[in-house]
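Spelled out from the first residue to the last, the chains are:
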Amino acid sequence: MCGIVGIVGKYPVNQALYDGLTVLQHRGQDAAGIVTVDQDRLRLRKANGLVKDVFEERHMERLSGNIGIGHVRYPTAGSSSTAEAQPFYVNSPFGLALAHNGNLTNAEQVKAELFKVARRHVNTSSDSEVLLNALAHELQGDGSMQLMPEAIFRAVTNLHRKVRGGYAVVALIIGHGLVAFRDPHGIRPLVMGKRETALGTEYMVASESVALDADGFTVLRDVSPGEAVYITENGELYSQQCAENPTYTPCIFEYVYFARPDSTIDNVSVYASRVAMGKKLGEKIKKEWAHLDIDVVIPIPETSNDAALQIATELGLPYRQGYVKNRYIGRTFIMPGQGERKKSVKRKLNAIWQEFKGKNVLLVDDSIVRGTTSEQIIDMAREAGANKVYFASAAPEIRFPNVYGIDMPSANELIAHGHDVESICKIIGADGLIFQSLPDLVEAVRSQNPDIKKFETSVFDGVYVTNDITQEYLNKLDASRNDAKKGNKTALMAGNLETYNEGN
Ligand code: AMP
């Protein structure tokens, strides 16, 4: 998963982009980048690392201008080299920079087609560079110097026809403005807002509403699935539906795990949806697991806190934060290689023995992916003296890989792939294991916004809303995501603009 921001301001936007990226840091800790436009120059800084480490004062000073976009990266299909940090740049037409969150499911075909019809070479394995060139190709149009909003919307319409997958995009066109759009299914989130200043209205788009909150922008609305928004350098806002058959199927995993609880996505408060997940799961435990002699409910911090508290309320049991999280370490899942991942659970969490000794505990997590975390956390509970250790997951069994930008490993790495609940319970070493059902999860999120009729739920049910996922595609994805291959790719791209990469 990645995070994106874009601002068309009346004053320099470097600080606001930086602050926006900082609150989106949970969406990706691998690399960060900002591009601004000052006069007719694009100014770019991108490198591997956290936002606070990538941008030093000297970089910020160079990121001048009142319009810009930013990105935090969590690697999925591509590698984790600096060359594949975003935003990407291409010089024609006009000078374009682009950043995106998501994953294209037909990147290879689009890439080949671009080379065939337009002799456009894509120099990295990043599908963002493919998207950028595909957009550039569509914007080429009739070659006129004046790019009207209709021409931009036509370009996005053509792009939607050609590319497949889940994508939320921000792009800058030198001399024109900022374009932002969302895939026709609305899989990846994108929200827009505004802020009034003495010089006029400023606009911002971002992956999550928290970025707007942090920068003092008021949310206007979510960008609709398939819609494109164009904000000119002077601050005129245009928008248009650019997809032929848009559907509203946001990714349900944003609510389960990815987004911050203080964000609202597609008019659903992430926090409220997690409380509702807890309520549903609590009701299920009460109904189907009444015989469990639970003494205390303990969340695995922090994503599951809100659900766990609600489960405790439903069950009339105490809720105790029995695990302490070291805040100064990255998320476990994000470390490359399973060995690293295993080690880091202990580095990240520690148990308060008083909450475990001699008790029957119900541990709650937002989801179980590989099962590595759950297994070690259960071990930790036993080491701390727990009597019985039950485990509840606020999301159902994850059985299928994600193809829309979430780094859900290949099917074989998922603990629920090919295992039923009983055997998963055995593998992770729990005395009882309870999963949320998919209808309950959907209902929990939908109860916050009944206008959404369907969610993208492929990791649970294997139904891919883009209708283009073949076994061959999944096999290829499997190979490219193989842990062993991660980090093995080489940096290739040579920038041809003012780039302040590592070492500058
Ligand atoms: P595991 O079952 O060991 O793979 O770890 C599951 C934990 O990782 C859950 O507690 C989630 O909080 C977290 N998690 C779930 N999905 C992801 C993801 N795509 N990226 C990073 N962490 C995740």
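Residues numbered from 1 in each chain as written. Predicted model: local features only at pLDDT ≥ 70, side-chain atom pairs only at ≥ 80, totals over all residues. Heavy atoms only, no water.

(A) Region of the structure containing the overall build of the protein chain. Along the protein chain, the regular secondary structure elements total 16 helices and 21 strands. Radius of gyration (C-alpha) of the protein chain: 23 Å, near the 23 Å computed for a compact globule of 504 residues. Projected onto its principal axes, the C-alpha positions of the protein chain cover 75 × 50 × 45 Å. Expressed as a percentage of the 504 residues in the protein chain, the buried residues total 60%. If you take every contact in the protein chain between residues at least 6 apart in sequence, the share linking residues at least 24 apart comes to 71%. In the structure as shown, the protein chain presents an accessible area of about 19600 Å², 49% of it carried by carbon and sulfur atoms. Of the side chains in the protein chain, 55 bear a positive and 61 a negative charge, and the two mean positions are spaced by 3 Å. (Helix = DSSP H or I, 4+ residues; strand = E, 2+ residues; numbered from the N terminus. Rg over C-alpha atoms; globule rule 2.2 N^0.38 Å. Buried < 20%, exposed > 50% of the residue type's maximum accessible area, 1.4 Å probe, protein only. Contact = heavy atoms within 4.5 Å. Areas by Shrake-Rupley, 256 points an atom, 1.4 Å probe, with all protein chains shown as cover. Lys, Arg positive; Asp, Glu negative; His and termini not counted. Charge placed at Lys NZ, Arg CZ, Asp CG, Glu CD.)

(B) Here's a closer look at the sheet that holds strand S2 (residues 31-38). In spatial order, the strands read S3-S2-S4-S1-S10-S9-S11; together these seven strands make up an open sheet with antiparallel pairing. Each edge of the open sheet carries a strand with a single partner, namely strand S3 (41-48) and strand S11 (218-222). Neighbour-to-neighbour, the strand axes of this sheet turn through a mean angle of 15°, independent of strand direction. Sheet topology note: the S2/S3 ladder contains eight bridges and is antiparallel. (Pairing = 2+ DSSP bridges. Axes fitted to C-alpha atoms, helices over the stretch in contact; angles between N-to-C directions.)

(C) Summary view of the pairing of strand S19 (residues 360-365). Taken across its six residues, S19 has six buried, putting it largely inside the fold. Burial along S19 is two-sided: the residues Asn360, Leu362 and Val364 and Val361, Leu363 and Asp365 are all buried. With four bridges joining them, strand S16 (residues 296-299) and S19 adopt parallel strand pairing. Looking at S19, one finds that Ile298 is bridged to Leu363. In terms of strand pairing, S19 meets strand S20 (residues 388-393) through six bridges, oriented parallel. Among the inter-strand pairings, Val364 is bridged to a residue of S20, identified as Ala392.

(D) Focus on the UniProt feature "binding site: Mg(2+)" (unreviewed entry) in the protein chain. Within this numbering scheme, the UniProt entry marks Thr303, Asp365 and Asp366 as carrying the feature "binding site: Mg(2+)" (unreviewed entry). Look at the named residues: they lie 64 residues apart in sequence, but the longest C-alpha span between them is just 7.5 Å, so in the fold they bunch up. Inspection of the secondary structure assignment puts Thr303 in the loop between S16 and helix H10 (305-315). According to the relative accessible area criterion, Thr303 is buried, its value standing at 16%. What Thr303 contacts, discounting residues up to four positions off in sequence, is Val256, Tyr257, Arg274 and Asp366. Topologically, Asp366 is positioned in the loop between S19 and helix H12 (372-383). When its relative accessible area of 6% is taken as the criterion, Asp366 is described as buried. Apart from residues lying up to four places away in sequence, Asp366 is in contact with Val256, Tyr257, Thr303, Ser304, Ser393, Ala394 and Ala395. (UniProt positions renumbered as here; feature names shortened; annotations may be inferred.)

(E) Region of interest: helix H13 (residues 421-428). Ile424, Cys425 and Ile428 are the residues of H13 that are buried. Along H13, the residues classed as buried sweep out an arc of 100° about the axis, all on the same side. Looking at H13, the residues exposed on the side facing more than 90 degrees away from the buried face are Glu422 and Lys426. Looking at the buried side of H13, the elements it contacts are H12, S20 and strand S21 (432-435). Phi for Gly429, located one or two positions after H13, is positive at around 80°. (Arc of directions from axis to C-beta.)

(F) Region of the structure containing the site of the ligand. The ligand sits among 17 residues. The nearest are Asp365, Asp366, Arg370, Gly371 and Thr373. In the environment of the ligand, an oxygen atom lies 2.5 Å from a nitrogen or oxygen atom belonging to the side chain of Asp365. Contacts to the ligand include Gly371, whose backbone N or O atom sits 2.7 Å from an oxygen atom. In the complex, the protein chains occlude 94% of the 500 Å² of accessible area that the ligand would expose alone. Elements supplying a minimum of two residues to the shell around the ligand: helix H8 (253-258) and H12. Per element, the largest residue contribution to the shell around the ligand is three residues, and it comes from H8. Per-class residue counts for the shell around the ligand are nine nonpolar, four polar and four charged. (Near = heavy atom within 4 Å. Polar contact = N/O pair within 3.5 Å; in protein donor to acceptor, adjacent residues only side chain to side chain. Nonpolar A, V, L, I, M, F, W, Y, C, P; charged D, E, K, R; others polar.)

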